[in-house]
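A look at the structure
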Amino acid sequence: QVQLVESGGGLVQAGGSVRLSCTASGRAFGGYAMAWFRQAPGKEREFVVHITGGENIYYSDSVKGRFTLSSDNAKNTMYLQMNSLKSEDTGVYYCATSRDRTAWPYWQSSKYEFWGQGTQVTVSS
C-alpha cells in the first residue's frame, strides 16, 4: 500500500516562501504520476502541479512562475517550493500519486489513487 506524508506547511506572510515535502513509502518513488492539489475553506480541491513519470511538469496558471516542483528519488520525496505567496494560496495542500506513469487528465483529482493527509498553508496579508 502506498502511503504519502506531507510536511512543511505553516503560517507565512504574503510575499514570503515555504517549502512543502511529500514522502512516499510502499513502492519506489520515481516513474509514477504525482501531483499537488490544494483546497481552500469552502472550495473544491484545486490542481496545483503535476509531474508525469518523473519527467514533464505542468503547473496551474495560478502558480506558474511562483511555485517549483522538484524531487529526490533517493529520499522518496517530492518538494514544492512556494515563493511570492499570496493570500489566495491559503489552503490545505495534498500530494497525490497514481498507479501509473501518467494520469490523464492530470488536473482531475479522481485520476490519483493515493493521497496524503494534507498540510495547512496559511498566508497572512
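These remarks concern the structure in this document. The residue numbering used here restarts from 1 in each chain and proceeds along that chain's sequence as written. Residue-level local features of this predicted model are given only where pLDDT is at least 70; pairs of side-chain atoms are given and counted only at 80 or more, and the full residue set underlies all totals for whole chains, interfaces and linings. For the side-chain quantities, the full set of heavy atoms in the structure was used; hydrogens and water were omitted.

A few points about the overall build of the protein
Filter applied, for reference: Numbering goes from the N terminus for both helices and strands, where a helix is a DSSP run of H or I of at least four residues and a strand is a run of E of at least two. With C-alpha atoms as the basis for the radius of gyration, the globule rule is written as 2.2 Å multiplied by the number of residues raised to the power 0.38. Relative accessible area decides the class of each residue, using a 1.4 Å probe on protein chains only: under 20% of the type maximum gives buried, over 50% gives exposed, and in between gives partly exposed. By definition in these notes, contact holds between two residues if any of their heavy atoms fall within 4.5 Å.
A tally of regular secondary structure across the protein gives zero helices and 11 strands. Going residue by residue from the N terminus, the α and β elements of the protein occur as β-β-β-β-β-β-β-β-β-β-β. Over its C-alpha trace the protein gives a radius of gyration of 13 Å, about what one expects of a compact globule, namely 14 Å for 125 residues. On the principal axes, the C-alpha backbone points of the protein span a range of 40 × 25 × 25 Å. In the protein, which comprises 125 residues, the proportion classed as buried is 45%. Sequence-distant contacts in the protein: of pairs separated by 6 or more residues, those separated by 24 or more amount to 59%.

Some details on the packing of aromatic side chains
What counts here: Centre distance within 6.5 Å is the pairing criterion for rings of Phe, Tyr and Trp, where only the six-membered ring of Trp is used; planes under 30 degrees apart are then read as stacked, over 60 as edge-to-face, and the remainder as tilted.
Taken as a whole, this structure holds 10 aromatic pairs when the rule is applied. Measuring from ring centre to ring centre gives 5.8 Å for Phe37 and Phe47, while their planes differ by 75°; the resulting arrangement is edge-to-face. Placement of the pair is Phe37 in strand β4 (residues 34-39) and Phe47 in strand β5 (residues 46-52), with a sequence separation of 10 residues. Look at Phe37 and you get buried, because its relative accessible area is 0%.

Considering the sheet that holds strand β7 (residues 67-72)
The condition is simple: Strand pairing is assigned whenever DSSP detects at least two bridges linking the two strands. Comment: axis = line fitted to C-alpha atoms, over the contacting stretch for helices; angle = value between 0 and 180 degrees taken between N-to-C directions.
The four strands lie next to each other as β1-β3-β8-β7, forming an open sheet whose pairing is antiparallel. What marks the edges here is a single partner per strand, and that holds for β1 (3-7) and β7. The sheet shows a mean angle of 20° between the axes of neighbouring strands, taken without regard to direction.

Some details on the nonpolar core
For the record, the criterion: Side-chain atoms within 4.5 Å are what join buried Ala, Val, Leu, Ile, Met, Phe, Trp, Tyr and Cys residues into a set we call a nonpolar core.
Core analysis: the biggest nonpolar cluster contains 25 residues, and Trp36, Met78, Leu80, Met82 and Tyr93 have the highest contact counts within it. Put simply, the parts of the chain that give this core at least two residues each are β3 (18-25), β4, β5, β7, β8 (77-82), β9 (91-97) and β11 (119-124). For this core, the element with the highest residue contribution is β3, accounting for four residues. If sequence neighbours within four positions are ignored, Met82 has contacts with Gly16, Ser17, Val18, Leu20, Arg66, Phe67, Tyr93 and Val121. Residues Ala35, Phe37, Phe47 and Ala103 belong to the second largest nonpolar core, which totals eight residues.

Here we look at the side chain of Arg66
Relative to the assigned elements, Arg66 resides in the loop between β6 (56-59) and β7. Judged by its relative accessible area of 11%, Arg66 falls in the buried class. With residues up to four places along the chain from it excluded, the contact list for Arg66 reads Gln81, Met82, Asn83, Ser84, Leu85, Lys86 and Asp89.

Quick notes on the state of the cysteines
When the sulfur atoms of two cysteines share a covalent bond, that bond is a disulfide. Worth spelling out the cut-off: The term disulfide is used for any two cysteine sulfur atoms that are within 2.5 Å.
Scanning the entire structure with this criterion turns up one disulfide. Disulfide pairing places Cys22 opposite Cys95 at an S-S distance of 2.0 Å. Between Cys22 and Cys95 the disulfide shows an S-S torsion of about 60°. By sign, it is right-handed. Taken together, the residues Cys22 in strand β3 and Cys95 in strand β9 connect sequence positions 73 residues apart. A relative accessible area of 0% places Cys22 in the buried class.

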